Every structure is written in structure tokens, then in C-alpha cells.
Amino acid sequence: DPRRMTEKALTAVIQEAYIQGISTRSVDDLVKAMGMDGISKSQVSRLCEDIDTRVNAFLERPLEGDWPYMWIDATYVKTRQNGSIVSVAVIIAVGVNTDGRREVLGMKIGASEAEPFWTEFLRSLTRRGLRGVKLVISDAHEGIKAAVSKVFSATWQRCRVHFMRNA
């Protein structure tokens, strides 16, 4: 059905705009520019709830098998909270399993990359089934090193990219 395909395409465009951080007013302008009736803020939110559901399902999925190699890192991004722009830490873990498959294991957002935040993040991965970690690679952040030694009986190694950047 061509109409159903058009609806799916429009939903995909709206979701992509939402992910890119485009305001709901701009999404409304975009929909009108495509020759359709406008779209309300609540309609945009409803269409984009599906994204959150799918992302959360991915981030909460069980981790199966052994993951001997894991890279962990953080970056800071600006986000709007209570009407002001604040910087938050986005931490991520990428693992390689025994079959050699690389996969994002987890991601979390917090106020800073302090050791308790890293420890809770790594423990959340083990609660989801992460096991068999033999080597953790990261920058030389003391909070990461402390958390890794608390949660895993694994070797820690400094990431060569971070080392070269800091040299």
C-alpha cells in the first residue's frame, strides 16, 4: 500500500530529525514543506517513543558468551536540562567475543565519569551476563582503573590512541 509506505517514510524522517536534535517547531516546518499538514509536539513525541523503546531494549539485552576484550571510554556532550545547557558524560563499552565479533555492550549517561559511576556501569554489564573479560583497554583515568579492578579480575591496558594523544 503506497499510503502506508509514505507514512513509514514520514515517520522515519521525523525520527531522524528528532535524533539529530531538531526542534519540534522545525519538524513541523519540515512536514509542511513536504506538502502535508503540520505536526504537533505531542505527535512528534509519540512517533519517537518507539526509538526510546528500541534503544532501551538494545541497552538492556542479555549479554551471552565470553567477552575477553573490552574497550571503555567516555565523551562529554552538551544537553538541555531544566532549561539550561549542561555537560554530561556519555560512557560506552565495546567488546569482542570469542568468535571475534565486536559489539557495543552498553552505554550510560551521567554527571561525570567519577569512579562510582564507572563501577555501577560495569556492574550493570555483569548483571546482564557479561563474563570472561580478560583485558580492559581505556585511557588512564583513575576512576576507570579503580572500577575495573573492583568489578573484574582482568588486566587493564592503556589505550595507545589516548597514550599518543597525551604524549
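That block above? That's the structure.
Read on for a plain summary of the structure.

Thresholds applied
Residues numbered from 1 in each chain as written. Predicted model: local features only at pLDDT ≥ 70, side-chain atom pairs only at ≥ 80, totals over all residues. Heavy atoms only, no water. Axes fitted to C-alpha atoms, helices over the stretch in contact; angles between N-to-C directions. Helix = DSSP H or I, 4+ residues; strand = E, 2+ residues; numbered from the N terminus. Left-handed = near helix turned anticlockwise from the far one by under 90°. Contact = heavy atoms within 4.5 Å. Nonpolar A, V, L, I, M, F, W, Y, C, P; charged D, E, K, R; others polar. Salt bridge = Lys/Arg side-chain N within 4 Å of Asp/Glu carboxyl O. Buried < 20%, exposed > 50% of the residue type's maximum accessible area, 1.4 Å probe, protein only. Pairing = 2+ DSSP bridges. Phe/Tyr/Trp six-rings, centres within 6.5 Å; stacked < 30°, edge-to-face > 60°. Lys NZ or Arg CZ within 6 Å of the ring centre and 35° of its normal. Arc of directions from axis to C-beta.

The contact between helix 4 (residues 115-127) and helix 5 (residues 142-151) brings their axes to 8 Å, and the two run at 40°. As helix 4 packs across helix 5, the resulting crossing turns out to be right-handed. Of helix 5, the residues touching helix 4 (which contributes E115, W118, T119, L122, R123 and T126) are G143, I144, A146, A147, V148, K150 and V151. Each residue belonging to the contact of helix 4 with helix 5 can be placed in one class, and the counts come to seven nonpolar, three polar and three charged.

Inspection of the entire model under this criterion finds seven salt bridges. For the salt bridge of D50 with R54, the shortest nitrogen-to-oxygen distance reads 2.6 Å. Highlighted residues: D50 and R54, both in helix 3 (residues 41-59), separated by four residues, approximately one helical turn. The exposure class assigned to D50 is partly exposed, which follows from its relative accessible area of 34%. Put simply, E103 and R61 hold a salt bridge, and the shortest N to O gap is 2.8 Å. Residue E103 is located in strand 3 (residues 102-110), and its partner R61 is located in the loop between helix 3 and strand 1 (69-81); the two are separated by 42 residues in the primary sequence. Judged by its relative accessible area of 15%, R61 falls in the buried class. Overlapping salt bridges, with partners in common, bring together R61, R101 and E103 in one network.

This part is about the sheet that holds strand 4 (residues 135-138). The strand order 3-2-1-4-5 describes an open sheet built from five strands, whose pairing is mixed. The open sheet terminates on both sides in strands that have one partner only, identified here as strand 3 and strand 5 (155-158). Neighbour-to-neighbour, the strand axes of this sheet turn through a mean angle of 25°, independent of strand direction. Packed on one face of the sheet, helix 4 meets strand 1, strand 2 (84-96) and strand 3 and runs near 140° to strand 3.

This part covers the packing of aromatic side chains. Tallied over the entire structure, the rule returns one aromatic pair. A ring pair is formed by W118 and F121, whose centres lie 6.1 Å apart and whose planes are at 70°; its orientation type is edge-to-face. Here W118 pairs with F121, and both are found in helix 4, just three residues apart, close to one helical turn. Both residues of the pair, W118 and F121, count as buried. Here the guanidinium or amino end of R61 rests over the ring plane of F58, the centre of that ring lying 4.0 Å away. The lysine or arginine in question, K145, covers the ring of W156, its NZ or CZ lying 4.8 Å from the ring centre.

Bringing the side chain of T119 into the picture now. Within the secondary structure, T119 is located in helix 4. Ignoring sequence-local partners within four residues, the contact set of T119 consists of A147, K150 and V151.

Take helix 2 (residues 24-33) next. Burial in helix 2 covers these residues: V27, D28 and V31. The arc that holds every buried residue of helix 2, seen down its axis, measures 105°, which confines them to one face. Turned more than 90 degrees off the buried face of helix 2, the exposed positions are R25 and A33.

Take the environment of K41 next. Relative to the helices and strands, K41 is located in helix 3. The spatial distance from the C-alpha of K41 to the C-alpha of R102 is 38 Å, given a sequence separation of 61 residues.

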